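Structural features, examined
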Amino acid sequence: MTDTTRREVLGWLAGLGAAAGTGLFAPGRAGASVDVTGGVTALRGVTLVDSSRVRSNTTIVLTDNRILAIGTHDLPLPRGATVLDLPGKFVIPGLWDMHVHGAYLERITLPLCLVNGVTGIREMWGVAAIYELRERIERGEVLGPRLVVASTIIDGPHSTLPFALVVSTPDEGRQAVRDAKAQGADFVKVYSYLDRATLAAIADECARHDLTFAGHCSNHVALGDASDLGQRTFEHMYGLSLATSTREDELRQRIANLPLDPANSFAWFKQVLELEREAASSHSRSKAVRLAKLLRRNGSALCPTMVAMRVLSSPADKFANDPRLKYMPVSYRDYWRDGLKNWAPVTEQETRQQAEFLKRRMEQVAEMHDHGVDVLVGTDAGNPYVFSGFSVHDELELLVQAGLSPEAALRAGTRGTRLVPGGEANLVVLDGNPLKDIRNTQRIHTVLTRGRVLGPAERQRMLADVEKAAQEPIGAVQARCC
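For clarity, every value in this text was computed on a predicted model and none was experimentally measured.

When helices and strands are tallied, the protein chain shows 16 helices and 16 strands. Here the protein chain has a C-alpha radius of gyration of 24 Å; the compact-globule value for 482 residues is 23 Å, and the two agree. The C-alpha extent of the protein chain, read off along each of the three principal axes, is 80 × 50 × 45 Å. Each of the 482 residues in the protein chain was classed as buried or not, and the buried ones make up 55%. Here the analysis covers contacts within the protein chain between residues at least 6 apart in sequence; of these, 72% occur between residues at least 24 apart. Surface exposure of the protein chain reaches about 19700 Å², of which carbon and sulfur atoms provide 49%.

Moving on, we come to the side chain of T58. Position of T58 relative to the elements: it lies in strand β2 (residues 54-63). Excluding its chain neighbours within four sequence positions, the residues that come into contact with T58 are L43, R44, G45, V46, I70 and G71.

Here we take up the nonpolar core. Core analysis: the largest hydrophobic core is formed by 110 residues, its most contacted members being V188, L295 and M368. Within the second largest apolar cluster, 14 residues are counted, among which are V46, I70, L86 and L448.

Turning our eyes to something else, we now look at the pattern of salt bridges. Throughout the structure, instances matching the rule amount to 37 salt bridges. The partner of R208 in a salt bridge is E205, with the nearest N and O atoms 3.9 Å apart. Taken together, the residues R208 and E205, both in helix α5 (residues 196-208) and three residues apart, mark about one turn of the helix. The class of R208 is exposed, set by a relative accessible area of 61%. Residue classification places E205 among the buried positions, given a relative accessible area of 5%. Of the charged contacts in the structure, one is a salt bridge between K359 and E363, with a shortest N-O distance of 2.7 Å. Within this pair, K359 and its partner E363 are both found in helix α13 (residues 348-370), separated by four residues, close to a single helical turn.

Turning our attention to the packing of helix α8 (residues 248-257) against helix α9 (residues 265-280). Running from N to C, α8 and α9 point in directions that differ by 170°, and their axes come no closer than 10 Å. With respect to α9, the axis of α8 lies roughly antiparallel. In this structure, α8 contributes L251, R254 and I255 to the contact, and α9 contributes W268, V272, L275, E278 and A279. Grouping the constituent residues of the contact of α8 with α9 by class yields six nonpolar, no polar and two charged.

Attention now goes to the UniProt feature "domain: Amidohydrolase-related" (unreviewed entry) in the protein chain. According to UniProt, the "domain: Amidohydrolase-related" (unreviewed entry) feature falls on residues 90-453. Overall, residues 90-453 shows 43% helix and 15% strand. The separation of its end C-alpha atoms is 16 Å.

Along strand β10 (residues 187-190), one buried face is formed by F187 and K189 and the opposite face, lined by V188 and V190, is buried too. Pairing of strand β8 (residues 146-155) with β10 involves three bridges; the strand directions are parallel. When the sheet's bridge partners are listed, I153 is paired in β10 with K189. Taken together, the three bridges between β10 and strand β11 (residues 213-215) define a ladder with parallel strand orientation.

Attention shifts here to the state of the cysteines. Applying the stated criterion across every chain yields a total of zero disulfides. Free of any disulfide, C206 has its nearest neighbouring cysteine sulfur in C217, separated by 16 Å. Of the residues examined, C206 reaches a relative accessible area of 1% and is grouped as buried. C217 forms no disulfide, and the closest cysteine sulfur to it belongs to C303, at a distance of 14 Å. Overall, C217 belongs to the buried group, its relative accessible area being 2%.

Let us look at the pairing of strand β5 (residues 90-93). Of the two faces of β5, the one lined by F90 and I92 and the one lined by V91 and P93 are each fully buried. Pairing of strand β1 (residues 41-49) with β5, which is carried by two bridges, proceeds in the parallel orientation. Bridge pairing links L48 to V91 in β5. Inspection of the sheet shows β5 paired to strand β14 (residues 427-430) by four bridges, in the antiparallel sense. Across the sheet, P93 pairs through a bridge with L427, a residue of β14.

Looking now at the environment of I70. By the secondary structure assignment, I70 is in strand β3 (residues 66-72). On the basis of relative accessibility, which here comes to 0%, the residue I70 falls in the buried class. Taking the C-alpha atoms as reference points, I70 and I60, separated by 10 residues in sequence, lie 4.6 Å from one another.

Right, let's talk about the packing of aromatic side chains for a bit. Each aromatic ring pair is characterised by the separation of its centres together with the angle its planes make. Evaluated as defined, the whole model comprises 11 aromatic pairs. Where Y193 meets W268, the ring centres are 5.3 Å apart and the plane angle is 40°; that geometry is what we call tilted. Placement of the pair is Y193 in the loop between β10 and α5 and W268 in helix α9, with a sequence separation of 75 residues. We classify Y193 as buried; its relative accessible area is 2%. W268 sits in the buried class, given a relative accessible area of 3%. Ring geometry for Y327 versus F390: centroids 5.6 Å apart, planes at 20°, classification stacked. Within this pair, whereas Y327 is found in the loop between α11 (306-312) and α12 (330-339), its partner F390 is found in helix α14 (residues 390-402), the two being separated by 63 residues in sequence. We classify Y327 as buried; its relative accessible area is 9%. Its relative accessible area of 18% is what places F390 among the buried residues. One aromatic cluster in this structure is built from F319, Y332, Y335, W336, Y385 and F387. Across from the ring centre of F357, 4.2 Å away, lies the NZ or CZ of R361, which sits over that ring.

Parameters at a glance
- Residues numbered from 1 in each chain as written.
- Predicted model: local features only at pLDDT ≥ 70, side-chain atom pairs only at ≥ 80, totals over all residues.
- Heavy atoms only, no water.
- Helix = DSSP H or I, 4+ residues; strand = E, 2+ residues; numbered from the N terminus.
- Rg over C-alpha atoms; globule rule 2.2 N^0.38 Å.
- Buried < 20%, exposed > 50% of the residue type's maximum accessible area, 1.4 Å probe, protein only.
- Contact = heavy atoms within 4.5 Å.
- Areas by Shrake-Rupley, 256 points an atom, 1.4 Å probe, with all protein chains shown as cover.
- Core = buried A, V, L, I, M, F, W, Y, C linked by side-chain atoms within 4.5 Å.
- Salt bridge = Lys/Arg side-chain N within 4 Å of Asp/Glu carboxyl O.
- Axes fitted to C-alpha atoms, helices over the stretch in contact; angles between N-to-C directions.
- Parallel < 35°, antiparallel > 145°, perpendicular 65-115°, else oblique.
- Nonpolar A, V, L, I, M, F, W, Y, C, P; charged D, E, K, R; others polar.
- UniProt positions renumbered as here; feature names shortened; annotations may be inferred.
- Pairing = 2+ DSSP bridges.
- Disulfide = S-S within 2.5 Å.
- Phe/Tyr/Trp six-rings, centres within 6.5 Å; stacked < 30°, edge-to-face > 60°.
- Lys NZ or Arg CZ within 6 Å of the ring centre and 35° of its normal.

The structure is reproduced here in structure tokens:
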């Protein structure tokens, strides 16, 4: 059911509220008026914008984090309902950030997401503390977005990540999947140094245990091949330029021949990225069409994290004065400043080259979207100058700059959610129409999630608390189990 008639709501008010959980409402006596326990909130006079429609002068009725009714302005309401008259406001589904690091900073990451209308996040590096935090959120002990959590990062030999789980054989890859399942991972995260045989074993073991896998496109496996193995999402645009290049075979052979110094594996990674930059200049539209068809068939999506790639493609000091730094612990600010030294272009020529490479990759993402490939909003929050919550809006803006329409970008940011009776009441009230200007997603009036109404004053209080928490020792803002 996508709408609720007056007759159906009156039936619910007559005592059939149990049907609300399924979106089914029975007819009742016209004019009935009853008290409803549990608290009801109504948003009245709003324009609803979701993945399927734009509807003005709408009333949305909520209780216990569920949508009970969607109807016209005169939809009947129970006595005692809290009515928010919001003419001129726009309501969208809660936003998702599909690539986050740092959920364990629960007094910073979680509130920054919520005040920015981000009611769901995909944490891309799972540890025991985050699995526990996920359960605490679901039990209502901590207010936070819905948390979908990866396994620990599984990578091959010579990984650039000091804390990744390195697997060297297919059998080790299978065991890593079994361990991830036992530890409570929602999906398996794969990385850049896995060889094809090990990735194939991981894919097969994931299928055996009803898990999906997602992450980096391995530098040793073509993007299309990884999709055929079942990889659900591809992060950061890695592998895309190679997969659509007329020189793919030649460049992959050069990657295979690159010497790798185990003492400096990051240098090898940077050389691969340089070959990807070369590949972008030999882009083939026909190869892009074939790749898009393959990704659609396999159900693989792109999570480009353009906002993070923009930072890595820019001079190291470009974002050093971002006013949102006040919401980050001092240790993070230092880590960000120092961590960029290995990535950022230095000379004017390098800066121009990286800017052009970013532009071409963004255009390729838009091209994939135009050919029907799902694109997801992810930020890589926790990495240099990428901020939990805030950067989702930056990513939406970059998707539009890349070539997506505001409507398509919003669909990417909400995972195509359609607001219906019985659905979760994760909603964002905006002061402007995001379909006219995607930057209007930043003009947040109120966020509704988990039965809470986070109005302007509450959101400001939450931001003040985060700013205060950022001044405390890092352990004070982590999940208590750390």
